[in-house]
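Each chain is listed here by its residues.
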Amino acid sequence: MEKNLVIVESPAKAKTIEKFLGNDYQVMSSYGHIRDLKEKEFGIDVDKNYKPEYIIPDDKKKLVQELKSASKKADMVWLASDEDREGEAIAWHLYETLGLKKENSKRIAFHEITKNAILNAIENPRDININLVDAQQARRVLDRIVGFELSPVLWRKIKPALSAGRVQSVAVKLIVDREREIQNFKTESSYRVVATFVVNDKNGNTTEMPAELNTRFKTEKEANEFLENCKNAEFTIENIVTKPSKRSPAPPFTTSTLQQEAARKLGYSVSQTMRLAQRLYESGQITYMRTDSVNLSSLAINTAKDEIVNNIGEKYWKARNFHTNTKGAQEAHEAIRPTYISRTKAEGTAQEQHLYELIWKRTIASQMADAEIEKTTATIGVSSSDKKFTAVGEVIKFDGFLKVYIESKDDDNSEDDSRMLPPLKKDEKLDMKQIVAQERFSQHPPRYTEATLVHKMEELGIGRPSTYAPTITVIQNRQYVERGDKEGEKRKYKILTLKSGKITSQEKTENAGAEKGKMIPTDIGIVVNDFLQEYFPNIMSYDFTANVEKQFDLVAEGKEQWQKTIDKFYKTFHPHVEDTMKNSAKMKGERKLGIDPKSGKPVLVKIGRFGPIAQIGETNDEEKPVFASLHKNQSIETITLDEALDLFKLPREDGEFEGKTMTIAVGRFGPYIRHDGKFYSIPKTSDPMTITTEEAQAIIEAKRQQAENNKLKTFEEDAEMQVLNGRFGPYIAYKGKNYKIAKGTDPTALTYEDAKKIIESESEKPAKKTFRRAAKKK
């Protein structure tokens, strides 16, 4: 019998730790929290000092009995959950639920899963830090209060099944505010002037050197006048300035900087990055991945030094100690780094290996020497004007940390100066090949990506490392925000070119404003945001949300009682909720567009029960109004009258096929053809308003052929039962339902009896819980 029981929160972590401990240790997993607030109820006793009402979920009861049984048999129970507030709360819930005593239980914590770290933690146990537990409880209770009190207000005032959250609502506000900033942005044009001069390089060969004018012209007329003045002008180098500069490496990764850089360099979503980092941590390959500290231990710094000196060279090494500027940062934690810096590659999937390589390079680069840069700026005078051209060149004298790692930037549209200038002399006359004045346009602020949203939230003090990824996931799952693309618009621009004494003019077209993978608010997200902004401005305030985080930090430091923090908030918030429920008007985001020329009735758009809709007529008219759903790429805020009227042109009949009518319509998932009781999606390349009978027939035939190709097997015993190949692998389709086929099973070898067993087995599994939050009982 094992004398020691170690409890961690994940089976992967348990498996890794087991390798480092002897036969006297049994390692079990709690699979996260073993108890939580009541799921469908308020779960907080306001009258008893906001006492949380914890329960053990049904799916954890068997596990709790197993943990209780194992803990009673062990001489010592080691609570080894993660070293943060959530981990501390997991340890406390285990202590309370399992009925542990101080004399037979210890709390151990470590920020990396290595043998030395585990053994050192066992040699230096501590008590559960109740301040950290209270900080976690305060967050949980406050978020429950906000969610359960606000959600019923949204159901009544906007539409059913909506929900609100303290941090999530503010994150949506950031995205909505940015969208409106973009909509209100007025683009201004100007002419950027770049000259190309022909000079000799160091070998005496001719080369071209670009130089930009130090001003931009607002109009085509001004640009043209300047080019006219340059026809017979002389161009002379008036000044050459060479300045040395240094570039220093970025600190090692925190949670937010890892999420941002993984998005830029690897294209990972925030939640994907955290999943991969969790696996690397639990397999003992990196340190704890939820941290806002940039510290490195002395051991890590020394091992990084050995790696740099031995493999790159001593001149590339420079010891650095970074300090965190973020308020509330936990300096006791380390930055995210490899547990063994000598390991340049990770075990695991290709994605895990890519993320590990990123972490390894960033860690090594943080302990490397500065890059030494020499920047040369040549000022070129124009004899016929007081304006100047500037040529800039940059050369790396010593690459330093750049040998290993270059940090990426978001929406980096800056000009690249990383080129050498040819040998130049002051007062040297230059031969001008051409001067180009190109019309350019000011750009609206970029929409947020997941990574830049994390950066903004961190900058404003909204949330903490453990909350960034869940927050971004939640606002997308609630369909308040979508991660999608924005198509650009065709825009004309002019180019004036002075060459060989002549000025020519060209007009070209570009696709302007296209964006990919950006956070875009949905109509329902905008309406919910506007409602909360109007009636609960305090909850939506960036300062309020950041100040709450500071209050939690004070609780974690033992300087504030969590119940007092909650009480102060609740006593003003709860009455305001009740008043809003009684006295506020319903908000549907309604926007009037104009008059329908056929009926003379008003046309408006608003939020309906199932999403954004267009409406012709008033609800109180004798003749009922007609409705049409907005297309996926349309918004209540930007749709025009003509676009709204086009929605009512569908559904339309589009001829017959096989003796049955084809109907073109638009549903919640886009345009489709309805034929003989079946539905066929219309591809994005086809316009549902103009699609011909022949094109519709071709789409139906192509879809049928695709379905036939996906059909792996049918059964004579029951024609309704089919084995099909889908996006996520083979499955059984039967009577309108789909049944998963286990991995490793050959779908083509299934017999009718095999298929029936799979259907019976899948049908017996309990359905996933779905419920709507109930309002707090009075």
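Owing to the predicted nature of the structure, the values given are computational and were not obtained by experimental measurement.

Enumeration over the complete set of coordinates arrives at 52 salt bridges. Note that arginine 85 and aspartate 553 form a salt bridge whose closest N and O atoms lie 2.6 Å from each other. In this pair, arginine 85 is assigned in helix 3 (residues 85-97) and aspartate 553 in helix 15 (residues 542-556), connecting sequence segments 468 residues apart. With respect to burial, arginine 85 and aspartate 553 carry one shared label: buried. Between lysine 265 and glutamate 261 there is a salt bridge, with its nearest N and O atoms 3.0 Å apart.

For helix 16 (residues 562-583), built from 22 residues, the straight-helix expectation of 32 Å at 1.5 Å per residue is met to within 8% by its first-to-last C-alpha distance of 32 Å. By the largest-angle criterion, tyrosine 570 marks the main kink of helix 16, which is about 35°. Burial in helix 16 covers these residues: Trp562, Thr565, Ile566, Phe569, Tyr570, Phe573, His574, Val577, Thr580 and Met581. Turning to helix 16, the residues buried within the fold contact strand 5 (51-52), helix 5 (130-157), helix 14 (523-535) and helix 15.

Moving on, we get to the sheet that holds strand 2 (residues 25-29). Here we have 4 strands laid out as an open sheet, ordered 2-1-7-8, and parallel in their pairing. The open sheet is flanked by strand 2 and strand 8 (105-107), the only strands paired with a single partner. In this sheet, adjacent strand axes meet at a mean angle of 20° when their direction is disregarded. Relative to strand 8, strand 7 (residues 76-79) runs parallel, the two being bridged by 3 bridges.

Next up on the list: unusual backbone geometry. Cis geometry marks the peptide bond from leucine 650 to proline 651, where omega comes out at 5°. On the secondary structure map, proline 651 appears in the loop between helix 17 (641-647) and strand 23 (652-657). Although it is not a glycine, lysine 735 sits at a positive phi angle of roughly 50°. Assignment of secondary structure puts lysine 735 in the loop between strand 29 (729-734) and strand 30 (737-740). Owing to a relative accessible area of 55%, lysine 735 belongs among the exposed residues under this scheme.

What follows concerns the confidence of the model for the protein. Looking at the protein, pLDDT values average 89 and 95% of them are 70 or higher. Across residues 768-778 the pLDDT falls below 50, and counting only partners more than four positions away or on other chains, this stretch makes 23 contacts in the model.

The method is simple in principle: a probe with the dimensions of a water molecule rolls over the atoms, and the space it marks as empty is what remains. What the rule picks out here adds up to 1 cavity of 30 Å³ or more. Considered as a void within the structure, the largest cavity measures approximately 50 Å³ in volume. Going through the elements one at a time, helix 6 (166-183) and helix 14 are the ones with two or more residues in the lining of the largest cavity. Here the lining of the largest cavity takes 4 residues from helix 14, the largest share from any one element.

With that settled, the discussion passes to the packing of aromatic side chains. Applying the stated criterion across every chain, the model contains 16 aromatic pairs. By the ring-pair criterion, three or more aromatic residues cluster together here, those being Phe197, Phe217, Phe226, Phe235 and Phe389. If you follow lysine 265 out to its NZ or CZ, it ends over the ring of tyrosine 405, 4.9 Å from the centre.

Now for the environment of arginine 247. Mapped onto the fold, arginine 247 is located in strand 11 (residues 235-247). The partly exposed category is assigned to arginine 247, whose relative accessible area is 37%. For arginine 247 and alanine 371, which are 124 residues apart along the polypeptide, the C-alpha to C-alpha distance reads 5.1 Å. The contacts of arginine 247, once residues within four sequence positions are left out, are Asp370, Ala371, Ile373, Glu394, Phe401 and Leu402. Within the local environment of arginine 247, its side chain forms a polar contact with the side chain of glutamate 394, the two groups lying 3.4 Å apart.

Turning our attention to the nonpolar core. Phe110 and Leu355 are the most contacted members of the largest nonpolar core, which totals 128 residues. Ranked by residue count, the leading element in this core is helix 5, at 12 residues. Setting aside anything within four residues of it in sequence, one finds phenylalanine 110 in contact with Lys13, Ile17, Ala80, Glu83, Ala117, Ile118, Ala121 and Tyr281. Counting 29 residues, the second-largest nonpolar core is a separate cluster that includes Val199, Phe217, Phe389 and Leu421.

Parameters at a glance
Residues numbered from 1 in each chain as written. Predicted model: local features only at pLDDT ≥ 70, side-chain atom pairs only at ≥ 80, totals over all residues. Heavy atoms only, no water. Salt bridge = Lys/Arg side-chain N within 4 Å of Asp/Glu carboxyl O. Helix = DSSP H or I, 4+ residues; strand = E, 2+ residues; numbered from the N terminus. Buried < 20%, exposed > 50% of the residue type's maximum accessible area, 1.4 Å probe, protein only. Expected span 1.5 Å × (residues − 1). Bend = angle between axes of the 7 residues up to and from the residue. Contact = heavy atoms within 4.5 Å. Pairing = 2+ DSSP bridges. Axes fitted to C-alpha atoms, helices over the stretch in contact; angles between N-to-C directions. pLDDT = per-residue confidence, 0-100. 1 Å grid on protein atoms, 1.4 Å probe; cavity = no way out; pocket = protein on both sides within 12 Å on 5 of 7 lines; lining within 4 Å. Points joined across faces, edges and corners; volume = space filled by probe spheres on them. Phe/Tyr/Trp six-rings, centres within 6.5 Å; stacked < 30°, edge-to-face > 60°. Lys NZ or Arg CZ within 6 Å of the ring centre and 35° of its normal. Polar contact = N/O pair within 3.5 Å; in protein donor to acceptor, adjacent residues only side chain to side chain. Core = buried A, V, L, I, M, F, W, Y, C linked by side-chain atoms within 4.5 Å.

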